[in-house]
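# Commentary on secondary and tertiary structure
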Amino acid sequence: MTDQAVTKEKTNGVNGHTPTLTKEEEAALAADESRRKKILGYLFVFFASGFIVFYFFMPNFTQKEKDALLRIPKSGDEFMSVFTVLKKYSENNAVHIHVLLVYIYIFLQSFGIPGTYPLSIIMGALLGPYKGFITCQMCSFTGASICYWLSLLFGRSLVRSKLPGMLKTLENKVQNNKDNLFWYTLFLRVTPICPSWFVNMAFPIVG
């Protein structure tokens, strides 16, 4: 059985049907899922290693500045601390700081890691309302597209095993709104009811 046929059998199982597989097909399916998980892991390590490159070109931050940058800001004072540090160093290292922010945003969005919300605020304050808005939208579109394809090609079994309850709930919602799926998808994207990282991961499976 080809990878495409095996994947189709697997997908039918998610939609409520119980596929009948031979032992050979089950072994092929397990081997295929293991291979896809490994590829996903390799891609994560590869993209995460990009931060090493940025580290070697990083400005000489003080320890206090590093502490401010390495924690996710949760209050107005913490946001201001991060903004002050980035604003200071972007005067002489504008390209490096801006590329780093874009890389972090796309990386987090691509692998479904929460944290893009504070980045959006910081980028808006640092780049200005128009440039910041356009940059955030481009990063969000790129990261969401990568996340969608990573889930579709490599992460199906991982999402099913780690988030079965949320996946089932979304599947039921999609079925109930299948006649207005575009508007329902748009509603999910513009409201905080359902985490955007989960929507990016789940729609290749339930859509």
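Definitions and limits used
- Residues numbered from 1 in each chain as written.
- Predicted model: local features only at pLDDT ≥ 70, side-chain atom pairs only at ≥ 80, totals over all residues.
- Heavy atoms only, no water.
- Axes fitted to C-alpha atoms, helices over the stretch in contact; angles between N-to-C directions.
- Helix = DSSP H or I, 4+ residues; strand = E, 2+ residues; numbered from the N terminus.
- Left-handed = near helix turned anticlockwise from the far one by under 90°.
- Contact = heavy atoms within 4.5 Å.
- Nonpolar A, V, L, I, M, F, W, Y, C, P; charged D, E, K, R; others polar.
- Phe/Tyr/Trp six-rings, centres within 6.5 Å; stacked < 30°, edge-to-face > 60°.
- Buried < 20%, exposed > 50% of the residue type's maximum accessible area, 1.4 Å probe, protein only.
- Parallel < 35°, antiparallel > 145°, perpendicular 65-115°, else oblique.
- Expected span 1.5 Å × (residues − 1).
- Salt bridge = Lys/Arg side-chain N within 4 Å of Asp/Glu carboxyl O.
- Disulfide = S-S within 2.5 Å.
- Core = buried A, V, L, I, M, F, W, Y, C linked by side-chain atoms within 4.5 Å.
- Patch = residues over 30% accessible without salt bridge, like charges linked within 9 Å, V, L, I, M, F, W, Y side chains within 5 Å.
- Areas by Shrake-Rupley, 256 points an atom, 1.4 Å probe, with all protein chains shown as cover.

### So, the packing of helix H7 (residues 116-127) against helix H8 (residues 129-153)
Running from N to C, H7 and H8 cross one another at 145 degrees; their axes reach a closest spacing of 7 Å. Viewed along their axes, H7 and H8 form a crossing whose handedness is right-handed. Touching Ser120, Met123, Gly124 and Leu127 of H7 are Pro129, Lys131, Gly132, Thr135, Cys136 and Cys139, all from H8. Of the residues assigned to the contact of H7 with H8, the class counts are 5 nonpolar, 4 polar and 1 charged.

### Topic: the packing of aromatic side chains
In this structure the tally under the stated criterion is 7 aromatic pairs. On the numbers, 5.5 Å between centres and 40 degrees between planes, the contact of phenylalanine 44 with phenylalanine 107 is tilted. Here phenylalanine 44 is found in helix H2 (residues 23-48), whereas its partner phenylalanine 107 is found in helix H6 (residues 94-110), with 63 residues between them in sequence. Residue class for phenylalanine 44 comes out partly exposed when judged on its relative accessible area of 34%. An aromatic cluster is built from Phe44, Phe46, Phe47, Phe107 and Phe111, whose rings are joined through pairwise contacts.

### Some details on the packing of helix H5 (residues 76-90) against H6
Following both chains from N to C, one finds H5 and H6 inclined at 135 degrees, their axes separated by 7 Å at the closest point. The angle between H5 and H6 falls in the class oblique. Where H5 approaches H6, its residues Leu86, Tyr89 and Ser90 are matched on the opposing element by Ala94, Ile97, His98 and Leu101.

### Considerations on H6
Here H6 is 17 residues long and its end C-alpha atoms lie 24 Å apart, about the 24 Å a rise of 1.5 Å per residue gives. Among the residues of H6, His96, Ile97, Leu100, Leu101, Tyr105, Phe107, Leu108, Gln109 and Ser110 are the ones counted as buried. Where H6 ends, the next residue or the one after it, glycine 112, has phi of about 65 degrees, a positive value.

### What about the pattern of salt bridges?
Inspection of the entire model under this criterion finds 1 salt bridge. Of the charged contacts, one joins glutamate 171 and lysine 168 as a salt bridge, the two residues approaching to 4.0 Å between their closest N and O atoms. Here glutamate 171 and its partner lysine 168 are both found in helix H10 (residues 164-176), 3 residues apart, which amounts to about one turn of the helix. Overall, glutamate 171 belongs to the buried group, its relative accessible area being 8%. The exposure class assigned to lysine 168 is partly exposed, which follows from its relative accessible area of 45%.

### Description of the side chain of asparagine 200
Among the secondary structure elements, asparagine 200 is positioned in helix H12 (residues 196-206). Given the relative accessible area of 6%, asparagine 200 is considered buried. Leave out the neighbours within four places in its chain, and asparagine 200 touches Gln109, Ala144, Cys147, Tyr148, Ser151 and Arg189.

### Here's the deal with the state of the cysteines
Inspection of every chain in the model, using the stated rule, returns 0 disulfides. The thiol sulfur of cysteine 139 is not disulfide-bonded, and the nearest other cysteine sulfur, from cysteine 136, lies at 6.5 Å.

### Brief notes about the nonpolar core
Leu86, Ile97, Leu101, Tyr105 and Met123 are the most contacted members of the largest nonpolar core, which totals 22 residues. Those elements that place two or more of their residues in this core are H5, H6, H7 and H8. Beyond its immediate stretch of four places on either side in the chain, leucine 101 contacts Leu86, Leu119, Met123 and Leu126. Counting 16 residues, the second largest nonpolar core, distinct from the first, contains Leu167, Tyr184, Cys194 and Phe198.

### Observations regarding a nonpolar patch on the surface
A contiguous nonpolar patch, built from Ile52, Val53, Tyr55, Phe56 and Phe57 and spanning about 620 Å² of accessible area, is present on the exposed surface. The topology assignment puts phenylalanine 57 in the loop between helix H3 (50-56) and helix H4 (63-69).

### Observations regarding the environment of alanine 144
Along the chain, the position of alanine 144 falls in helix H8. For alanine 144, a relative accessible area of 11% translates into the label buried. Sequence spacing of alanine 144 and leucine 108 is 36 residues, and the spatial spacing of their C-alpha atoms is 9.6 Å. Excluding residues that lie within four positions of it along the chain, alanine 144 makes contacts with Gln109, Arg189 and Asn200.

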